[in-house]
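Each chain, letter by letter, is given below.
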Amino acid sequence: MTSISAYIQNHKDRFIEELINLLKIPSISADSAYKNDVLKTAEAVKSSLTKAGCDKVEICETKGYPIVYGEKIVDKSLPTVLVYGHYDVQPPDPLELWTSPPFEPVIKATKLHPDGAIFARGACDDKGQMYMHVKALEYMTKENQLPCNVKFMIEGEEEVGSENLAEFVAKNKEKLTNDIILISDTGMIAKDVPSITTGLRGLSYVEVEVTGPNRDLHSGLYGGAVANPINVLAKMIASLHDENNHITIPGFYDKVEELSKEERAEMAKAPFSLEDYKSALDIDAVYGEKGYTTNERNSIRPTLDVNGIWGGYIGEGAKTVIASKAYAKISMRLVPHQDWKEITQLFKTHFESIAPAGVKVKVTPHHGGQGYVTPIDTIGYKAASKAYEQTFGKTPIPQRSGGSIPIVSLFEKELGSKTILMGFGLDSDAIHSPNEHFGVWNYLKGIETIPWFYKYFTEMSV
Ligand code: BES
Ligand code: MN
Ligand code: MN
């Protein structure tokens, strides 16, 4: 029998090459121009699962992009691990800020990844992290080390809200029955500080449109006499936070879970350097809700952020004009107990109510989802913790993340199972940004750690 570390040593060049080939396909779910590439990626994932030893692999059609489902059932009386991941990626723009093209992966060394990182859109989020599971399965099947049943569900619409996955899950509860869900689509604190993600924030995403006059106007002839939608929108948005950076929407905090002093003290034990944080982002100060630390602001507290704002003239030179319309895309990150549909409604009612006379406001909800917090006294968490101890030589720290994977709370609701979030990315890996990358060390460490989870989870379950 070959150990997982020996297996990785023998096959790592191929593991890297296979991931690079997957990263070459631009599976941008948000942009319909890439439809064929998204579908091609689903096929590539399907064939990789077959090669890795799944007995049954299928492409499940949905109203949107398909879900790749695969399974290897060794014995129905043994536990079943359901692996979830996504093969779609975020759009790569702005392209000019990439140092190498987003779909021509290259390995480059960085300060945090001295032995190289793969630079490409999706390298970390989530193709690289999803593919760790495919390679871990390859090891377990080829070396006769798979201790339990495994199911894979890899979707192509995570980055656009997983709307069709929700329906798929609701309709396929039987097929998807499992004892634990395993996901690598988050991060860890640092390469020498392993951590397991125990929380995700919920999300409400809306688009707003402010309309003033029925046409664009000369800003000299009309300026000062009619409401300028861009001025008004800026003012409305500014009013959504008070001087302490609290969100001003009535009722917004009503259901927010307040952590106890003890829980906050526990959180504060995680290693964190404010100086490093600031210098990595080249900022001279952090900014946020009064009364909370940086790590609290980005995990246990809800937020409201403008993600994009546009309107009027943005071409070369100056054009004197009052635009008829102004727009913004706004996201609210939510914490446990805040219901995303309720928050969306509170936002809409409030935003419409603060519009001054002279403009019309339209609020269009996009997607959203509930937050998630997982306990650490479960077999799943303990098995994951032991797996990290095995490969990192350290006990991982439980940590709540600020990001969202809305489908996770739905899994619990529909399938009744908990999710273990074993992420191997770093915050500095630039997911959703130009120059996204994933450390080769992290990639291989993930592949090494996953089979241990299967082993401990099975041992602890039976
Ligand atoms: N993998 C990320 C979420 C993530 C990253 C969670 C790092 C924790 C740590 C996921 O692909 C993502 O980008 N989610 C979106 C929400 C989705 C509905 C578009 C997000 O968090 O913005
Ligand atoms: Mn992701
Ligand atoms: Mn993402």
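Structure first, text after, so check above.
Thresholds, definitions, all that
- Residues numbered from 1 in each chain as written.
- Chains lettered and ligands numbered in written order.
- Predicted model: local features only at pLDDT ≥ 70, side-chain atom pairs only at ≥ 80, totals over all residues.
- Heavy atoms only, no water.
- Donors = N, O, S within 2.8 Å, 3.2 Å for Na, K, Ca; no water.
- Tetrahedral: all angles 85-135°; square planar, octahedral: opposite > 155°, others 65-115°.
- Helix = DSSP H or I, 4+ residues; strand = E, 2+ residues; numbered from the N terminus.
- Buried < 20%, exposed > 50% of the residue type's maximum accessible area, 1.4 Å probe, protein only.
- Near = heavy atom within 4 Å.
- Polar contact = N/O pair within 3.5 Å; in protein donor to acceptor, adjacent residues only side chain to side chain.
- Areas by Shrake-Rupley, 256 points an atom, 1.4 Å probe, with all protein chains shown as cover.
- Nonpolar A, V, L, I, M, F, W, Y, C, P; charged D, E, K, R; others polar.
- Contact = heavy atoms within 4.5 Å.
- Salt bridge = Lys/Arg side-chain N within 4 Å of Asp/Glu carboxyl O.
- Arc of directions from axis to C-beta.
- Core = buried A, V, L, I, M, F, W, Y, C linked by side-chain atoms within 4.5 Å.
- Axes fitted to C-alpha atoms, helices over the stretch in contact; angles between N-to-C directions.
- Parallel < 35°, antiparallel > 145°, perpendicular 65-115°, else oblique.
- Left-handed = near helix turned anticlockwise from the far one by under 90°.
- Pairing = 2+ DSSP bridges.

This part covers the coordination of the manganese ion (ligand 2). Coordination of the manganese ion (ligand 2) by the protein involves His86 (NE2), Asp125 (OD), Asp185 (OD) and Asp185 (OD), with metal-donor separations of 2.0 to 2.4 Å. Its six donor atoms give the manganese ion (ligand 2) angles of 56 to 167° at the centre, a pattern that matches the irregular case. As a motif over one chain, the donors of the manganese ion (ligand 2) read H-x38-D-x59-D. A distance of 3.6 Å spans the gap from the manganese ion (ligand 2) to the manganese ion (ligand 3), which Asp125 bridges by coordinating each metal. Of the two residues, Asp125 is situated in the loop between strand S5 (117-119) and helix H3 (127-142) and Asp185 in the loop between strand S7 (180-183) and strand S8 (195-200); the sequence distance between them amounts to 60 residues. The same class applies to Asp125 and to Asp185, which are both buried.

Let's shift gears to the site of ligand 1. Around ligand 1 sit 17 residues, and of these Glu158, Asp185, Arg333, Ser404 and His432 come closest. Interatomic distance of 3.2 Å between a side-chain N/O atom of His86 and an oxygen atom of ligand 1. Contacts to ligand 1 include Ser404, whose backbone N or O atom sits 2.9 Å from a nitrogen atom. Within the complex, 88% of the 520 Å² of free accessible area of ligand 1 lies under protein. Taken together, the residues of the shell around ligand 1 sort by class into five nonpolar, seven polar and five charged.

Moving on: the environment of Lys191. With respect to the secondary-structure elements, Lys191 resides in the loop between S7 and S8. With sequence-adjacent residues up to four places away left out, Lys191 is seen in contact with Leu112, His113, Pro114, Asp115, Phe392, Leu426, Trp441 and Asn442. Polar contacts involving the side chain of Lys191 include one to the main-chain carbonyl oxygen of Leu112, which spans 2.9 Å.

This model, assessed by the stated rule, comprises 24 salt bridges. The partner of Arg400 in a salt bridge is Glu257, with the nearest N and O atoms 3.4 Å apart. Here Arg400, found in strand S16 (residues 397-400), pairs with Glu257, found in the loop between helix H5 (229-238) and helix H6 (261-267); they are 143 residues apart in sequence, far enough to count as distant. Residue classification places Glu257 among the partly exposed positions, given a relative accessible area of 25%.

Moving on: the environment of Pro101. By the secondary structure assignment, Pro101 is in the loop between strand S3 (80-86) and strand S4 (106-108). Owing to a relative accessible area of 38%, Pro101 belongs among the partly exposed residues under this scheme. Taking the C-alpha atoms as reference points, Pro101 and Ala120, separated by 19 residues in sequence, lie 7.4 Å from one another.

Our next topic: helix H4 (residues 163-171). Along H4, the residues classified as buried are Asn164, Leu165, Phe168 and Val169. Considered in projection along H4, the buried side chains sweep an arc of 140° and stay on one side of the axis. For H4, the exposed residues lying more than 90 degrees away from the buried face are Glu163 and Lys171. Packing partners of the buried residues in H4 comprise strand S1 (56-60), strand S2 (67-72), S3, strand S6 (149-155) and helix H11 (407-415).

In this section: the coordination of the manganese ion (ligand 3). Geometry sets the ideal angles at a metal, namely 109.5 degrees for four tetrahedral donors and 90 or 180 degrees for six octahedral donors. Coordination of the manganese ion (ligand 3) by the protein involves Asp125 (OD), Glu159 (OE), Glu159 (OE) and His432 (NE2), with metal-donor separations of 2.1 to 2.5 Å. Each of the six donor atoms around the manganese ion (ligand 3) contributes to a set of angles spanning 56 to 154°, which defines the coordination as irregular. Linear spacing of the donor residues for the manganese ion (ligand 3) on their chain is D-x33-E-x272-H.

Below, the discussion takes up the nonpolar core. Membership of the largest hydrophobic core comes to 62 residues, with the highest contact counts inside it found for Val81, Tyr87, Phe152, Tyr443, Phe453 and Tyr454. Elements with a contribution of two residues or more to this core: helix H1 (4-23), helix H2 (35-52), S3, H3, S6, S7, helix H10 (379-392) and helix H12 (440-461). Ignoring anything within four residues of it in the chain, the contact list for Phe453 reads Val81, Ile180, Leu182, Gly380, Ala383, Ala384, Ala387, Ile420 and Met422. Phe252, Ala326, Trp340 and Val361 belong to the second largest nonpolar core, which has 24 residues in total.

Moving on to the packing of H4 against H11. Look at H4 against H11: their axes get within 10 Å of each other, and the N-to-C directions meet at 15°. In this view, H4 runs roughly parallel relative to H11, as classed from their interaxial angle. Of the two elements, H4 crosses H11, and the hand of that crossing is right-handed. Contacts between H4 and H11 pair Leu165, Ala166, Val169 and Ala170 from the former with Ile407, Leu410, Phe411, Glu414 and Leu415 from the latter.

To continue, consider the sheet that holds S5. Overall, antiparallel pairing links the three strands, which are arranged S4-S5-S18 in an open sheet. Each edge of the open sheet is held by one strand with a lone partner, namely S4 and strand S18 (437-439). For this sheet the average axis-to-axis angle between neighbouring strands, irrespective of direction, equals 30°. Pairing of S5 with S18, which is carried by three bridges, proceeds in the antiparallel orientation. Residue pairing for S18: Ala117 is matched across the bridge by Gly439. Its contacts with the sheet place H1 against S4 and S5, and it is angled at close to 20° to S5.

Residue position: Tyr456 is located in helix H12. There is a polar contact of 2.7 Å between the side chain of Tyr456 and the side chain of Gln390.

Another point: the sheet that holds strand S11 (residues 303-311). Read across the sheet, four strands follow the order S11-S13-S9-S14 without closing on themselves; strand pairing throughout is antiparallel. Of all the strands in the sheet, just S11 and strand S14 (360-369) have a single pairing partner and so form its edges. Looking at each pair of strands side by side, their axes are set apart by 20° on average, direction ignored. Across the sheet, helix H9 (residues 340-353) lies against strand S9 (202-211), S11, strand S13 (325-334) and S14, angled at about 165° from S14, the strand it touches most.

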